[in-house]
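# An overview of the molecular structure
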Amino acid sequence: MIIKQSPDPVANVAPLSRVAPALAVEEIASTVQDQALRASLLTRGQDYLGQVMARLQPGVFQVNINGQSYKMDLGQQANVGQQMLLKYVADSPVPTFRMLGQAPGQAPLDTTRLAGMMLTAVPLPTTDAGVTTALSTGAKILSQQLAHTGTQESSQTLANQAVISHAPQNPRVLAQDIQRALTSSGMFYESHLEQFATGKLSLTSLLQEPQNQPGVAAESLINKQLAVLENQRFQWQGEIWPGQKMDWQVQLQEEAVREDQHGADQPTAEEAPVSSTLKLDLPSLGKISAHITLQEGRLRVRMAAVASDAANRMQAELSSLAQALTSHGQALDALAVVREE
């Protein structure tokens, strides 16, 4: 047996030059960097206008200052929409402002406790394209809630305690009341905040939403918002008028309905049809449902009744309903009544 000896590995290793010690690398988009960046956008000693955008928890609010969002403890004196004059006095360890008073032209509010006080402002997390940020505690809660939206069907349904309308005999008023119930349900609060900040929505409308009402379960509301976002479906249960219950669902469909109903095309965002399903148990007609689809201004309606006599009565009035819709300028693609077992 022949054993071949390998060359001495040490002999072929070149000596190393002096090695510099490794320097600590600061995390990209860290909390320190984010705070420093925001602080650089403010000038110490300068006055700024702050606007209360949302109530995060009792006494704690989201405040917009110079285009940035901060969390501030304002106590019970603050209200959503309130504007305050603040002087920026320090940037370390956190941005700190002195409350100067109420902004000119604001409705009278009790700011006596806050006048002259120092208020710390904790930057709220932001997400920019191309920047990775760590999840805040709130974001982790949202992530956990989102993980459960697919398995908790009941969490997707908003149960309304108040009656929607007291005018069932007036279709125009009833329709406006239904629309108001949808838009003020709290499911779209963040987009409404943006509209309020740009002057497209009144403070009165914003204050009517559940997020600004005492005793609202924030976790349950967030869960429902995430369910709507994930499934593109809004579900509601409650009294549409006194004594009359209704199940209501509104959904943004992913596929466009073809006229021949034998296939589907992928629509653009602007062309995606919106469908609505209403289920009622009426005193004279019994259990009925209506499935309505609106796409590019054109309407398709399919009504179903469990009782055969109810289906016959609805069928007899079908032409009158079609005429009523088209006479008000509504383009109608389909209108049908079926018997549902």
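Structure's up top.
Since this is a predicted model, take the numbers as computed values, not measurements. (Residues numbered from 1 in each chain as written. Predicted model: local features only at pLDDT ≥ 70, side-chain atom pairs only at ≥ 80, totals over all residues. Heavy atoms only, no water.)

## Here we look at the overall build of the protein chain
Cut-off, in case you're wondering: In this text, helices come from DSSP runs of H or I with a minimum length of four residues, and strands from runs of E with a minimum of two, each type numbered from the N-terminal end. Each residue is assigned to one of three classes by its accessible area relative to the maximum for its type, calculated with a 1.4 Å probe on protein chains only: buried under 20%, partly exposed between the two thresholds, exposed over 50%. Contacts are residue-level and defined by heavy atoms, with any inter-residue pair within 4.5 Å sufficient. Only the protein chains shown count as cover for residues, and the accessible areas themselves come from Shrake-Rupley with a 1.4 Å probe.
Across its full length, the protein chain holds 8 helices and 16 strands. Counting across all 341 residues of the protein chain, residues that qualify as buried make up 33%. Pairs at least 24 residues apart make up 53% of the contacts formed inside the protein chain by residues separated by at least 6 positions. A total accessible area of about 21,600 Å² is found for the protein chain, and carbon and sulfur atoms account for 54% of it.

## So, the environment of Asp47
Heads up, the condition is: The definition of a polar contact used here is a pair of N or O atoms within 3.5 Å, where within protein one atom must be able to donate a hydrogen and the other to accept one, and adjacent residues in sequence count solely through side-chain atom pairs.
Relative to the helices and strands, Asp47 resides in strand 1 (residues 47-57). Judged by its relative accessible area of 40%, Asp47 is partly exposed. Look past the residues within four positions of Asp47 in its chain and what remains in contact with it is Leu86, Lys87 and Leu100. A distance of 2.8 Å separates the side chain of Asp47 from the side chain of Lys87, its partner in a polar contact.

## Describing the pairing of strand 2 (residues 60-65)
Selection rule: For two strands to count as paired, DSSP must find a minimum of two bridges between them.
A large share of strand 2 lies buried, amounting to 5 of its 6 residues. Pairing between strand 1 and strand 2: 6 bridges, direction antiparallel. Paired with Gln51 across the two strands is Asn64, which belongs to strand 2. Counted along the chain from strand 1 to the antiparallel partner strand 2, the turn is 2 residues long, and its residue Gly59 has a positive phi close to 85°. Of the pairings in the sheet, the one linking strand 2 to strand 3 (residues 68-73) comprises 6 bridges and is antiparallel in character. Residue Val60 lies in a different strand from strand 3, and its bridge partner there is Asp73. Connecting strand 2 to the next strand, strand 3, in antiparallel fashion are 2 residues, including Asn66 with a positive phi near 55°.

## Some remarks on the packing of aromatic side chains
In this description, an aromatic ring pair is defined by two values, namely the gap between the centres and the angle between the planes. Quick reminder of the rule: Any Phe, Tyr or Trp ring, taking Trp's six-membered ring, that has another such ring centre within 6.5 Å forms a pair; planes under 30 degrees apart are called stacked, those over 60 apart edge-to-face, and the others tilted.
Applying the stated criterion across every chain, the model contains 5 aromatic pairs. With centroids separated by 6.3 Å and ring planes inclined at 70°, the aromatic side chains of Trp236 and Trp248 adopt a geometry described as edge-to-face. A residue pair is termed long-range when its members are at least 10 positions apart, and Trp236 in strand 9 (residues 233-241) and Trp248 in strand 10 (residues 244-252) qualify at 12 residues. On the accessibility criterion, Trp236 (2% relative accessible area) is buried. Ring-pair connections join several aromatic residues into one group, and the members of that group are Phe188, Phe234, Trp236 and Trp248.

## Remarks on the side chain of Ser289
Position of Ser289 among the secondary structure elements: in strand 14 (residues 286-295). Ignoring any residue separated from it by four or fewer positions in sequence, one finds Ser289 in contact with Leu278, Lys279, Arg302, Met303, Ala304 and Glu340.

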